[in-house]
Amino acid sequence: EFNGQGARVAPDDWNVAGFTRATGHPLQTFGDGTPTYGGTPTDKSILRLCQELKTRGYKVLLYPMLQVDTITPQPKPWRGRITPTTLTAANTFFTRTNGYNAFINWYANLQIGGVYLKDNIDGIMIGSEMVGMTTYMSAPGVFPAVTQLKALAASVKTAVGAGVKVIYGGDWSEYHSTGGWYNLDPLWSDANIDVVGIDCYFPLTPDLPQTQIDYAAVQAGWTKDEGWDYYWSDSVNRTGKVMYGSQTYAWKNVKNWWNSTHTNPDTTTTAWTAKMKPVWFTELGFPSVDGCANQPNVFIDPDSIESFYPRGSRGRVDFLAQRTALDASIDYLNAQNALEPNFIPRKFIWTWDARPFPFFPDLVSVWSDGRNWKTGHWVQGKLGLSNLGQIVADLLKKVGYDTTMYDVTRLTDIASGFIINSRQTVRASMEQLASCYFFDCVESDG
């Protein structure tokens, strides 16, 4: 609690893994007194939510997520930045008291009043995007964090049983290999891992302005450009000159990785075999800004060191850009799954927030991240909306104008829609819109 007023949550006070408000580690606060994160949900609320979802006929994937609660030297860095410097540090991260293993195993074994969480979920994530951990080599070809994740998968599978899928979600840049070593293959091929999970944020368009990104461009991006046939790795020679052209691997071509055997730099073949397990996209999403298909993994959060607009973006809110990227990607992936039913049978859109819209994002005094909603990966409250520029563009298209004949990029206001209830000219429609949104139509070059 942050206000010092002795707040109590009814009917059950906060309790997680035996920690109470008095004994739990409090979140840090920024200078204005707001907390860095929303905190960990109480155990009972998680169990009740999963029970409720099951009664409504949903399948449930429990996704405990590690957050890095630091303000200095860097505020709120991505968990993928956690990188050990020694073998001991890599192992201790998992095995120490209240370490990572304890965090995940708590949920795998959680029961309250004889009701087990495992009986109310269909899958559980043992982690995701821990790139700095899984790529750390203590010796050539030795990845201690991957070995620890294998052991964690075994303990979780023992706890939840065969009926609950156990999954690790590799980052889009992590799942494949590192430095030629297929470092995660021992985990992917492990008998206790049921699914290859990938948090899917592949760059799909080559840093284009949004005016050049449409449905077709996004679909095409899945099977071309950097990361499909190759990945360009830049290096610097002794004179300081940047050398280009080192082809390594094609991380965007998941099907090629999935449908192949893998050989390490020491010529050993990994335990992975072609089509060994299904691939799930445990996250798939785009920020709602222009250029989102160029770099889907970035987001805007002024409180985080990770805050960026996508490459090629002009920093504008664009719900249609987000919707177009999602539509094109989902259609492409559905077509792929029709060809190979075990390839990507599941994908999870990131993200639909359980907090009630529009109270989230409006109540920023309750949820301080509400201010990030308009540019973030959230989809609730956006998929049915458009913006002023798209409405004007649609009107102009109806009378034969193509995209080279007008510029609506500065008309960025969000709009629910525009109703034309009588026969009228496009000019009259534009004048109605201009009276509400205060813009001018300017003719140039005839």
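Keep in mind the model is a prediction, meaning the values are calculated, not measured. (Residues numbered from 1 in each chain as written. Predicted model: local features only at pLDDT ≥ 70, side-chain atom pairs only at ≥ 80, totals over all residues. Heavy atoms only, no water.)

Draft legend 1. Structural context of the sheet that holds strand β3 (residues 61–62). Taken together, the six strands give an open sheet; going across it, the order is β3-β6-β7-β8-β11-β12, and neighbouring strands pair in parallel fashion. Of all the strands in the sheet, just β3 and β12 (346–349) have a single pairing partner and so form its edges. Of the strand pairs in this sheet, strand β11 (residues 279–284) and β12 are connected by three bridges, and their pairing is parallel. Within the sheet, the bridge partner assigned to Trp280 lies in β12 and is Arg346. Set on the sheet, helix α9 (residues 319–339) makes contact with β11 and β12; between it and β12 the angle comes to about 170 degrees. (Pairing = 2+ DSSP bridges. Helix = DSSP H or I, 4+ residues; strand = E, 2+ residues; numbered from the N terminus. Contact = heavy atoms within 4.5 Å. Axes fitted to C-alpha atoms, helices over the stretch in contact; angles between N-to-C directions.)

Draft legend 2. Spotlight on helix α11 (residues 388–398). Of all the residues in α11, the buried ones are Leu388, Gly389, Ile391, Val392, Ala393, Leu395 and Leu396. Against β13 (386–387), β14 (414–415) and α12 (426–437) lie the buried residues of α11. For α11, the N-terminal cap is Asn387; the gap from its side-chain oxygen to the backbone nitrogen of Gly389 is 3.1 Å. Note on α11: the residue one or two positions beyond its end, Gly400, has a positive phi of about 95 degrees. (Buried < 20%, exposed > 50% of the residue type's maximum accessible area, 1.4 Å probe, protein only. Polar contact = N/O pair within 3.5 Å; in protein donor to acceptor, adjacent residues only side chain to side chain.)

Draft legend 3. Expanded view of the state of the cysteines. Following the criterion strictly, the structure yields zero disulfides and no others. Here Cys441 stays free of any disulfide, with the sulfur of Cys436 as its closest cysteine sulfur at 13 Å. Judged by relative accessible area, which is 51%, Cys441 ranks as exposed. (Disulfide = S-S within 2.5 Å.)

Draft legend 4. Inspection of the pattern of salt bridges at higher detail. The final tally for this structure, using the stated rule, is 16 salt bridges. Between Asp207 and Arg311 there is a salt bridge, and its shortest N-O distance comes to 3.2 Å. A residue pair is termed long-range when its members are at least 10 positions apart, and Asp207 in the loop between β8 (195–200) and α7 (215–221) and Arg311 in the loop between β11 and α9 qualify at 104 residues. Taking the relative accessible area as the measure of exposure, Asp207 reaches 40% and is therefore partly exposed. Judged by relative accessible area, which is 37%, Arg311 ranks as partly exposed. (Salt bridge = Lys/Arg side-chain N within 4 Å of Asp/Glu carboxyl O.)

Draft legend 5. Quick look at the side chain of Ser329. Position of Ser329 among the secondary structure elements: in helix α9. By relative accessible area, which is 0% here, Ser329 ends up buried.

Draft legend 6. Local environment of helix α1 (residues 43–55). With 13 residues, α1 should cover 18 Å at 1.5 Å per step; its first-to-last C-alpha distance of 19 Å lies within 8% of that length. What α1 keeps buried is the set Asp43, Ile46, Leu47 and Cys50. In an axial view of α1, the angular spread of the buried residues amounts to 95 degrees, which keeps them on one side of the axis. At its buried positions, α1 is contacted by β1 (15–16), β3, α3 (100–108), β4 (111–112) and β5 (115–116). Where α1 terminates, the next one or two residues include Gly57, which has phi positive at roughly 90 degrees. (Expected span 1.5 Å × (residues − 1). Arc of directions from axis to C-beta.)

Draft legend 7. Summary view of the packing of α11 against α12. Across the interface, α11 lies against α12 with an axial gap of 10 Å and an inter-helix angle of 170 degrees. Regarding the angle of α11 to α12, the classification is roughly antiparallel. Here α11 contributes Leu388, Ile391, Val392, Leu395 and Leu396 to the contact with α12, which in turn contributes Val426, Ser429, Met430, Leu433 and Tyr437. Its residues placed into classes, the contact of α11 with α12 shows nine nonpolar, one polar and no charged. (Parallel < 35°, antiparallel > 145°, perpendicular 65-115°, else oblique. Nonpolar A, V, L, I, M, F, W, Y, C, P; charged D, E, K, R; others polar.)

Draft legend 8. Highlighting the confidence of the model for the chain. Chain-level pLDDT for the chain is 91 on average; 94% of the residues reach the 70-or-more range. Considering only residues more than four positions removed or in separate chains, one finds that residues 235–246, a stretch of pLDDT under 50, has 15 contacts. (pLDDT = per-residue confidence, 0-100.)

Draft legend 9. Seen up close, the packing of aromatic side chains. Summed over all chains, the structure comprises 22 aromatic pairs. Between Trp172 and Phe202 the ring centres are 6.3 Å apart and the planes differ by 80 degrees, which places this aromatic pair in the edge-to-face class. Pair noted here: Trp172 is in the loop between β7 (165–171) and α6 (185–188) and Phe202 is in the loop between β8 and α7, with a separation of 30 residues, a long-range link. In this pair, the class of Trp172 matches that of Phe202, namely buried. Considering the side-chain rings of Tyr175 and Phe202, the 6.5 Å spacing of their centres and the 75 degrees angle between planes classify their relative orientation as edge-to-face. Within this pair, whereas Tyr175 is found in the loop between β7 and α6, its partner Phe202 is found in the loop between β8 and α7, the two being separated by 27 residues in sequence. Exposure class is identical for Tyr175 and Phe202. Each is buried. Connected via pairs of aromatic rings, a cluster forms that spans Trp172, Tyr175, Phe202, Trp222, Trp251, Trp257, Trp272, Phe281 and Tyr332. Note that Arg355 overlies the ring of Phe360, its terminal NZ or CZ placed 3.7 Å from the centroid. One cation-aromatic arrangement involves Lys382 over Trp373; the distance from NZ or CZ to the ring centre is 5.2 Å. (Phe/Tyr/Trp six-rings, centres within 6.5 Å; stacked < 30°, edge-to-face > 60°. Lys NZ or Arg CZ within 6 Å of the ring centre and 35° of its normal.)

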